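# Structural overview for review
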Amino acid sequence: MTDRLTVTLTKAGRTKIRYPAELVADTGTRITVRAPWAAPGVRDFGFVRFEPGDVFTEHFWRDRWYAVKEVRTSGGVLKGWYCDVTRPAVVEDGVITVEDLDLDLWVSADGSSVLRLDEDEFAASGLAGTDPEAAAEAVRALDALEAQARSAAGLAALPA
């Protein structure tokens, strides 16, 4: 596998974002890449700002329904973890493809803030009606991520 990959995040059959990333590790089950903030400009969520220079170390699993992204400033200061609930990653021909299922989790660097995000978007997506098994997996994944985030080991233990 190449040291350079492309991450493709899809949603409802369309590409949401594509960006280059550098391979950090591939265990066969989990693939870890590093990439700079890929969207144009600053994105202020209120609880965190993603901005040019931020570095994302992203962990994708071929057998889990989520991706965990450690977010640091350009100076290496940990901002926190942004978790996307997705279908398991498909890695093929230098491309990591994951399908966004709307649910997200944010965990601050000190672990004091654990926020479930976009549950309204998930409900509005209709996935529970069109693919109830995937919807159930998505909810289980969000619950598991939140439980891990609130545990003593935190999200940093997931890639270990």
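Structure's up top.
Before going into details, it helps to say that this report is about the structure given with it. (Residues numbered from 1 in each chain as written. Predicted model: local features only at pLDDT ≥ 70, side-chain atom pairs only at ≥ 80, totals over all residues. Heavy atoms only, no water.)

Secondary structure assignment for the protein yields three helices and 11 strands. For the protein, the succession of helices and strands along the chain, N to C, is β-β-β-β-β-β-β-β-β-β-β-α-α-α. Its C-alpha atoms give the protein principal-axis dimensions of about 45 × 40 × 30 Å. Out of the 160 residues in the protein, the part that is buried amounts to 43%. If you sum the accessible surface of the protein, you get close to 8,000 Å²; carbon and sulfur atoms cover 50% of it. (Helix = DSSP H or I, 4+ residues; strand = E, 2+ residues; numbered from the N terminus. Buried < 20%, exposed > 50% of the residue type's maximum accessible area, 1.4 Å probe, protein only. Areas by Shrake-Rupley, 256 points an atom, 1.4 Å probe, with all protein chains shown as cover.)

It is characteristic of soluble globular proteins that their nonpolar side chains tend to be buried jointly. The biggest cluster of nonpolar side chains holds 23 residues, and the ones touching the most others in it are Val68, Val85, Leu105, Leu145 and Leu155. Elements that contribute at least two residues to this core include exactly strand 7 (66–72), strand 8 (78–86), strand 10 (95–108) and helix 3 (132–150). Looking at this core, the element that brings in the most residues is helix 3, giving seven residues. When near neighbours in sequence (up to four residues on either side) are disregarded, Leu105 contacts Trp81, Tyr82, Cys83, Val114, Leu115, Arg116, Leu117, Leu142, Leu145, Glu146 and Ala149. Core analysis: the second largest hydrophobic core is formed by 15 residues, Leu9, Tyr19, Val33 and Val98 among them. (Core = buried A, V, L, I, M, F, W, Y, C linked by side-chain atoms within 4.5 Å. Contact = heavy atoms within 4.5 Å.)

Right, let's get into the pairing of strand 8. Moving residue by residue along a regular strand, the side chains alternate between the two faces of the sheet. Across the nine residues that make up strand 8, a large majority, eight, are buried. Across seven bridges, strand 7 lies against strand 8 in antiparallel orientation. Bridging across to strand 8, Val68 finds its partner in Cys83. Connecting strand 7 to the next strand, strand 8, in antiparallel fashion are five residues, including Gly76 with a positive phi near 90°. (Pairing = 2+ DSSP bridges.)

Nothing here speaks to function; it is all geometry.
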